[in-house]
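# Per-entry structural report
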Amino acid sequence: MSALPPHSVSDSDLNAFADRQLAPERAAAVEAALARDPELAARAAEFRAQSASLRDALDPVLAEPIPERLLAAAAPPASGEAGAVRRWAMPALAAAATLVLGVGLGWYGRDAMIERAGTPTTFARSAAFAHALYAADVRRPVEVWAAEEKSLVTWLTKRLGFKVQAPDLNGLGYALVGGRLVAGNEFPTALFMYENADKERLSLQVRKQTARVPTVGARGGDTAFRYAIENGVGVFYWIDDDCGYAISGTFDRAQLLKIAHVVYGQLAALEATGTK
Amino acid sequence: MSPSVTDAALPHPELVAAIPRLRRYARVLTGDATRADDLVQDTLARAWEKRRLWQAGTDLRAWLFTVMHNVHVNQLASFRREAANVSLDADPTGMAWQLPVRGNQVDRVELLEVVAQMGRLPADQREVLLLAAVEEMRYEEIATVLAVPIGTVMSRLSRAREKLRRLIAEPSSGLRIVK
């Protein structure tokens, strides 16, 4: 099929193209038209970038724990009280209950900021090694099992010297298996292991960071996501407040990034609500 | 088990699974975390009330978004009757404050900017943009959720994106948040 002349690409085409909702044949035709019209291509690219930014900003909401009252509302109503629609919340109450969460968004332009899978730094490399070592251990991947999550967190917090948290990844289908202490740099590293229904494992490792991983120049912030692959283990890692975080697993980059987002969002939310 | 009409029930696990997405959408509709959860709670209550309108086997999430849209529209209407001069529209600059993000990174203004600028879009355009870009719904689903023809979805979406593009390209002086 011959390519479309650029002027015959409508706004609807362009949007549907950006949203990947065009039929394959039409998509190919639009793509060919974009290849010949840089201005059109720039618009399509910008539409996609807008969507990505919005998702980046809003995805962390998905990782927040579901409030009790919403779980209760989702349960089948007892007969008689079905459908008692709650009154509009009193403003004062609403104001008091509003979580004041910070401004400043760490997600912007993640793709631009993620280092191309290049030479892993020591942190990423040791994270990948520790993951490979323990995730492969079917029977004893952790020292303390999730059943004792509370004492696990207390213990690791004590050993690391700062508050650590095991994010809740059940929303992504990963349950906490447990955790352990790993030798890292001069400080110990905490490792939390998670597993999904297919027995695929991922780990979150946290440690104090002395020498800073060089940040990506353009933005200079600490929380640049970086990506590395070491012996088939993918690692997303970032530095925040002198702590290093690494998510490792044998997943593809997109999956791993999604998980990293959720973890970052939860840790940020926990910190913002003062649990740190 | 074949569901009978009289004891129709919603699939509980799917209902719970839909909550995070409902919360996310509600957060932007209302621009406020607590009001958003109020809206989700009302939506769930309404969904149980109207459970016979859901056809088993069809997409529960899309149906829940439809219910939420209606609840929201009704609440806005009744709220406006009670307080004619108070706008419940999301506060464009306040919205980003409700997102769970780090508190100390003012250098990442750009993403904040996109969300803030999105908050300046008219509500109907914002809804379509969110459903398409963030919820990644099919245009036909969006048309159903909002009860508008698909052509309206497309034109709102085009306008939303073009407007957002212009807003981002020429950031207004007042919206840059400096702490």
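In short, a report on the structure. In this text the structure is predicted, and so the values were computed from the model without any measurement.

### As for the overall build of chain A
When you go through chain A residue by residue, the secondary structure sums to 9 helices and 7 strands. A buried classification covers 49% of the 276 residues belonging to chain A. In chain A, 62% of the contacts between residues at least 6 apart in sequence involve partners at least 24 apart. On chain A, roughly 13,200 Å² of surface is accessible, and the fraction owed to carbon and sulfur atoms is 56%.

### Notes on helix α3 (residues 38-62) of chain A
Residue and element names in this part refer to chain A. With 25 residues, α3 should reach 36 Å at 1.5 Å per residue; the first-to-last C-alpha distance of 36 Å fits that figure. At Asp-56, α3 shows its maximal kink, close to 30°; a proline, Pro-60, follows between one and four residues later. Measuring from the backbone nitrogen of Glu-39 back to the side-chain oxygen at the start of α3 gives 3.1 Å, which picks out Asp-37 as the cap.

### Considering the pattern of salt bridges
The final tally for this structure, using the stated rule, is 22 salt bridges over all chains. Of the charged contacts in the structure, one is a salt bridge between Lys-199 of chain A and Glu-195 of chain A, with a shortest N-O distance of 3.5 Å. On the basis of relative accessibility, which here comes to 60%, the residue Lys-199 of chain A falls in the exposed class. The exposure class of Glu-195 of chain A is buried, given its relative accessible area of 16%. When salt bridges with common partners are traced through the structure, they connect Asp-11, Arg-43 and Glu-46 of chain A together with Glu-162 and Arg-165 of chain B into a single cluster.

### Comments concerning the sheet that holds strand β2 (residues 175-183) of chain A
All names here are of chain A. Ordered in space as β1-β2-β3-β4-β7-β6-β5, the 7 strands form an open sheet in which the pairing is antiparallel. Two strands close off the open sheet at either side, each with one partner strand: β1 (144-145) and β5 (226-230). Looking at chain direction, strand β4 (residues 201-208) and strand β7 (residues 243-249) are connected through 7 bridges and run antiparallel. Across the sheet, residue Ser-203 finds its bridge partner in β7, namely Ser-248. Each of β2, β3 (188-195), β4, β5, β6 (233-240) and β7 is contacted by helix α7 (residues 122-135), which is oriented at about 135° to β4, the strand it contacts most. Along the sheet face, helix α8 (residues 149-160) touches β1, β2, β3 and β4 and points at about 25° away from the line of β2.

### Section: the layout of surface pockets
Each pocket or cavity is described by its volume, and for the largest pocket that value is around 860 Å³. Lining the largest pocket are 33 residues, and of these Asp-59, Leu-62, Leu-172, Lys-258 and Val-262 of chain A sit closest to its centre. Counting only elements with at least two residues in the lining of the largest pocket, the list comes to α3, α6 (110-113) and α9 (253-272) of chain A together with α1 (12-30) of chain B. The element that contributes the greatest number of residues to the lining of the largest pocket is α9 of chain A, accounting for 8 residues.

### Quick look at the packing of aromatic side chains
All names here are of chain A. Here the structure, examined in full by the defined rule, presents 5 aromatic pairs over all chains. With a centroid separation of 5.4 Å and 15° between ring planes, the pair formed by Trp-238 and Tyr-245 is classed as stacked. Both residues of the pair, Trp-238 and Tyr-245, count as buried. Summarising the aromatic geometry, the rings of Trp-238 and Tyr-264 are spaced 6.0 Å apart at their centres and angled 65° between planes, so their arrangement reads as edge-to-face. Note that Trp-238 is positioned in strand β6 and Tyr-264 in helix α9, a separation of 26 residues in sequence.

### Observations regarding the packing of helix α1 (residues 11-18) of chain A against α3 of chain A
All names here are of chain A. α3 packs onto α1 with a crossing angle of 50° between their chain directions and a minimal axis gap of 9 Å. On the basis of the axis angle, α1 is oblique to α3. The way α1 lies across α3 gives a crossing that is right-handed. Contacts between α1 and α3 pair Asp-11, Leu-14, Asn-15, Phe-17 and Ala-18 from the former with Leu-40, Arg-43, Ala-44, Phe-47 and Arg-48 from the latter. When the residues that make up the contact of α1 with α3 are grouped by side-chain class, the tally is 6 nonpolar, 1 polar and 3 charged.

### Details of the pairing of β6 of chain A
All names here are of chain A. Taken across its 8 residues, β6 has 8 buried, putting it largely inside the fold. Side chains Val-233, Val-235, Tyr-237 and Ile-239 of β6 all project onto a buried face; the interleaved residues Gly-234, Phe-236, Trp-238 and Asp-240 project onto the opposite face, where all are buried too. Alignment of β5 against β6, held across 5 bridges, turns out to be antiparallel. When the sheet's bridge partners are listed, Arg-226 is paired in β6 with Tyr-237. Taking the residues between adjacent antiparallel strands as the criterion, β5 and β6 are bridged by 2 residues, where Asn-231 takes a positive phi near 50°. One ladder, built from 7 bridges, connects β6 with β7; its direction is antiparallel. Looking across to β7, one finds that Tyr-237 is bridged to Ala-246. Linkage of β6 to β7, two consecutive antiparallel strands, is achieved through a turn of 2 residues, within which Asp-241 is found at a positive phi near 50°.

How each quantity is defined
- Residues numbered from 1 in each chain as written.
- Chains lettered and ligands numbered in written order.
- Predicted model: local features only at pLDDT ≥ 70, side-chain atom pairs only at ≥ 80, totals over all residues.
- Heavy atoms only, no water.
- Helix = DSSP H or I, 4+ residues; strand = E, 2+ residues; numbered from the N terminus.
- Buried < 20%, exposed > 50% of the residue type's maximum accessible area, 1.4 Å probe, protein only.
- Contact = heavy atoms within 4.5 Å.
- Areas by Shrake-Rupley, 256 points an atom, 1.4 Å probe, with all protein chains shown as cover.
- Expected span 1.5 Å × (residues − 1).
- Bend = angle between axes of the 7 residues up to and from the residue.
- Polar contact = N/O pair within 3.5 Å; in protein donor to acceptor, adjacent residues only side chain to side chain.
- Salt bridge = Lys/Arg side-chain N within 4 Å of Asp/Glu carboxyl O.
- Pairing = 2+ DSSP bridges.
- Axes fitted to C-alpha atoms, helices over the stretch in contact; angles between N-to-C directions.
- 1 Å grid on protein atoms, 1.4 Å probe; cavity = no way out; pocket = protein on both sides within 12 Å on 5 of 7 lines; lining within 4 Å.
- Points joined across faces, edges and corners; volume = space filled by probe spheres on them.
- Phe/Tyr/Trp six-rings, centres within 6.5 Å; stacked < 30°, edge-to-face > 60°.
- Parallel < 35°, antiparallel > 145°, perpendicular 65-115°, else oblique.
- Left-handed = near helix turned anticlockwise from the far one by under 90°.
- Nonpolar A, V, L, I, M, F, W, Y, C, P; charged D, E, K, R; others polar.

The quantities given are spatial measurements derived from coordinates; they are silent on function.
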